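So the chains spell out like this:
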There are 2 protein chains.
Amino acid sequence: MKACIIVIGDEILSGRTLDTNSNFIAKKLDLTGVSVTEISTISDNPDSIVTKLKEAFASDTNFIITTGGLGPTKDDKTKQTLAEFLSDQLVINQPALDYITQLYCTNGRTMNDLTRKQALVPSHSEVIINRYGTAPILWTKKSNKILINLPGVPYETQAMFEEFIIPKIKKEFNLPFIVRRSVIVVDYLESELATTLTDWENNLPDFVSLSYLPSGARIELRLSAKGTDKKLLEETITKEIKKLSQILHEKLISTTSTNIIEIIADFFSKNNLTLSIAESITGGNISHKITSLAGSSVYYKGGITAYSSLIKESVLKIPEPFIHTHKVVSEEVAKEMAIRCAKLFNSDVAISTTGVAGPSSDEFNDPVGLAYIGLYVHGNTYVKKYYYPHVTRDEMITRITNKALEFIYFEMIENK
Amino acid sequence: MKACIIVIGDEILSGRTLDTNSNFIAKKLDLTGVSVTEISTISDNPDSIVTKLKEAFASDTNFIITTGGLGPTKDDKTKQTLAEFLSDQLVINQPALDYITQLYCTNGRTMNDLTRKQALVPSHSEVIINRYGTAPILWTKKSNKILINLPGVPYETQAMFEEFIIPKIKKEFNLPFIVRRSVIVVDYLESELATTLTDWENNLPDFVSLSYLPSGARIELRLSAKGTDKKLLEETITKEIKKLSQILHEKLISTTSTNIIEIIADFFSKNNLTLSIAESITGGNISHKITSLAGSSVYYKGGITAYSSLIKESVLKIPEPFIHTHKVVSEEVAKEMAIRCAKLFNSDVAISTTGVAGPSSDEFNDPVGLAYIGLYVHGNTYVKKYYYPHVTRDEMITRITNKALEFIYFEMIENK
């Protein structure tokens, strides 16, 4: 089955807002076995909306999904346009009105006409109450296609899409389940790996497919199983990954994830190791990435953003003359930060960053784009130097964050 | 002038990759006075590309900008398709080949056919050497329109677009400059503000336009000046903002930015105040946001991610019985974290967060979605409670981060 997504919003065309809804919806549809064939972002005026809807209804897509453009202040024009396009008329939907009224009362506000108009919907559309906001979601059958109108607010749209729309699509169209899992393999060229896995691959059940996705020094093997019995799919994938691990041994470095943070979390938890972080140039971003993953408290003890030399001295206890002799952006200070950080947090492993994110040089005249990452592992220290002279501040912070995670990964996991 | 953007890539349609290029390009075009009328994301197969290009050439757009889809492994099909669409043929572009060869040599690799093919371009297209990668950028005139083909890698595309494409568009089409600046006003209803500003607004020069953009309790006033003399535009905007500030006094809380982090940075720097942060639930994200802004080291002393109770005890020095009595997610612990953080970092102001991001409750059985934010300002402490029972972990971290920044803003700046 196919879908197209129509993102309605002038604020996206002007670049004021980054659209994340279409990415979320595409990802969820992909996992349901529905392919997105096109995503269009258009202006929220009636003409553009009708033109695009006509195009979509003339195509071979099964689902037409819109986000935004039907909010309260735009209602008069665009919702009326939608009703006309559907050869229908707008009526007040009582359950939607009741729900909106209830939402407003609990928040102590009084209903006004603008809010009441949110309950106006085309009379033949099915209304799905929006549990995360006031704009109702519309599900309309027309010419053998399904038109789904969602609001623009990312949080409302994404939560409702995952919790209500995806299950409804699965149920109404009796779609198969798709179970996907990836493993990460290192130390193999793609062609060698394919040769090694020939027998195993030939014996995979029909309903399991395999993709090789090389990414740098690693290869992601992605197994997808499709069928109606979700439990069987999951068991089969688990069984096949177990076989893989018997063939590839320690070259298979992760059977649970392709995400470096998940791989690190997995490794630290399994080996009862603890981590702490001392950040200067990355300003808390490594800590943020690590804690984005649920369960990180098992191995992550904490971090410090030692943004100034003073804090490197007063909190991390690096002697002032040491910083002055070596300069704050140096191999020595990076190492010392990692050592002191491990001590402060009493962790087995510590990672540190120091560098110049720009736009101007630091007090020691170090150039923008220079950075060092220090790693402390059980009494040993390692350090790496990076120099990216032509990148923006944001890009520099992002790159050094990624390099720090890769440093832990390669030093402790891949080259173990 | 109008533009449309065509994003080419199956990885975007499947949701594996979030497209940020179109947002970047749209923003830069908007500032150049070029309106984006549509953004389309399509599959990287020749048929989809040709269909979409035909559509774009049949529309009233002046610029057709594509990203992605012309990378080395796809070259054979899609670049050939592009040449055929342009009734042209592919030829090796010598400067592009020289540049690619030089890039490869410095990195110690040897040229292969796949890489060499990157220098194949339609013979009538103008080639813009890509300083950030190997895929050349194409600028082609056809039927009174300009077709610009950019690579898909965000870093390359965005840097090249800003540094080479925007100046080229401005130069070739003699486009006016647009200078925009916004100020933030508080304590006014939109209608009251409009009345207060009537005289000033009526006396604005013709080439300056004004928009009211209310956002919560604040109103953003956006001034845009359009013309050929950039210096005059900037001076005029500065002069008008000075007049505004004489009318609105302390109700005009920022004349430099609409970004809460910039407003906070501005306020702390001007008042010689220092800030530190103790994060539990937000895991380093507030620190990351604060340090994303250049110059934050002037007022930001540093932060600690005290992810476990142990670290709250050992590093922040909150006594263990205190945490046990009040529970780690409590008003009292949030306050105490802020007080101890200010002491540890010797800062005037400290903000703290503690809460349960989920997916499961904490060791004290506090529910997922509960959080407290503590604020210490010169010996006084404030605390706020938040409860978002139905949000994801990421959304919870994002919300508490934003609430913490707003807490500083409202307590210290707006209600000062």
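Residues numbered from 1 in each chain as written. Chains lettered and ligands numbered in written order. Predicted model: local features only at pLDDT ≥ 70, side-chain atom pairs only at ≥ 80, totals over all residues.

So, the domain arrangement of chain A
- Under the domain assignment, chain A is made up of domain 1 (2-173), domain 2 (177-254) and domain 3 (260-414).
- Placing a centre on the C-alpha atoms of domain 1 of chain A and another on those of domain 2 of chain A gives a separation of 38 Å. (Domains from an automatic or database assignment.)

Focus on the interface of chain A and chain B
- Contact with chain A, which involves 46 residues of that partner, is made by 46 residues of chain B.
- A class-by-class count of the residues in the side of chain A that touches chain B yields 18 nonpolar, 21 polar and 7 charged. (Contact = placed C-beta atoms within 7 Å. Nonpolar A, V, L, I, M, F, W, Y, C, P; charged D, E, K, R; others polar.)

Side note on the packing of helix 2 (residues 21-30) of chain A against helix 7 (residues 154-173) of chain A
All names here are of chain A.
- Taken N-terminus to C-terminus, the directions of helix 2 and helix 7 make an angle of 15°; their axes are 10 Å apart at the nearest point. The pairing of helix 2 with helix 7 is recorded here as roughly parallel in orientation. For the pair helix 2 and helix 7, the crossing hand works out as right-handed. Every residue of helix 7 that contacts helix 2 at Asn-21, Phe-24, Ile-25 and Lys-28 is listed here: Pro-154, Thr-157, Gln-158, Phe-161, Glu-162 and Ile-166.
- Here the contact of helix 2 with helix 7 is composed, by residue class, of 5 nonpolar, 3 polar and 2 charged. (Axes fitted to C-alpha atoms, helices over the stretch in contact; angles between N-to-C directions. Helix = DSSP H or I, 4+ residues; strand = E, 2+ residues; numbered from the N terminus. Parallel < 35°, antiparallel > 145°, perpendicular 65-115°, else oblique. Left-handed = near helix turned anticlockwise from the far one by under 90°.)

Looking at helix 2 (residues 21-31) of chain B
- Listing the buried residues of helix 2 of chain B in full gives B:Asn21, B:Ser22, B:Asn23, B:Ile25, B:Ala26 and B:Leu29.
- Contacts from the buried residues of helix 2 of chain B go to helix 1 (10-13) of chain A together with strand 1 (2-8), strand 2 (35-42), strand 3 (63-67) and helix 7 (154-173) of chain B.
- Just downstream of helix 2 of chain B lies B:Gly33, where phi reads positive at about 85°. (Buried ≥ 20, exposed ≤ 12 C-beta atoms within 10 Å, placed from the backbone.)

Here's the deal with the relation of the copies chain A and chain B
- With an RMSD of 0.2 Å, the fit of chain A onto chain B corresponds to turning through 180° and sliding 0.1 Å along the axis. Those values place the two copies in the arrangement expected of a two-fold rotation axis.
- Most of the interface of chain A is mirrored in chain B: 100% of its interface residues are interface residues there too. (Least-squares fit on C-alpha atoms with pLDDT ≥ 70 in both.)

With respect to the pairing of strand 7 (residues 137-142) of chain B
All names here are of chain B.
- As paired strands, strand 6 (residues 126-128) and strand 7 are joined by 3 bridges and run antiparallel to one another. Across the sheet, Ile-128 pairs through a bridge with Ile-137, a residue of strand 7.
- The sheet contact formed by strand 7 and strand 8 (residues 145-150) spans 5 bridges and is antiparallel. Of the residues in strand 8, the one forming a bridge with Thr-140 is Leu-147.
- Between strand 7 and strand 8, which follow one another and run antiparallel, lie 2 residues, and Ser-143 among them has a positive phi close to 45°. (Pairing = 2+ DSSP bridges.)

So, the sheet that holds strand 15 (residues 349-355) of chain B
- Ordered by their spatial adjacency, 10 strands build an open sheet running 17(A)-16(A)-15(A)-13(A)-14(A)-14(B)-13(B)-15(B)-16(B)-17(B), and the pairing between neighbours is mixed. Two strands bound the open sheet, and with one partner strand each, they are strand 17 (380-387) of chain A together with strand 17 (380-387) of chain B. For this sheet, the mean angle separating the axes of adjacent strands, direction not counted, is 10°.
- In this sheet, strand 14 (residues 300-306) of chain A lies alongside strand 13 (residues 275-279) of chain A in parallel orientation, the contact comprising 5 bridges. Bridge pairing in strand 14 of chain A places A:Glu279 opposite A:Thr305.

Focus: the environment of B:Ile12
Residues and elements named next belong to chain B.
- With respect to the element layout, Ile-12 can be found in helix 1 (residues 10-13).
- As a C-alpha pair, Ile-12 and Leu-147 span 135 residues in sequence and 22 Å in three-dimensional space.
- Beyond its immediate sequence surroundings of up to four residues, Ile-12 is in contact with Val-7, Thr-17, Asp-19 and Thr-41.

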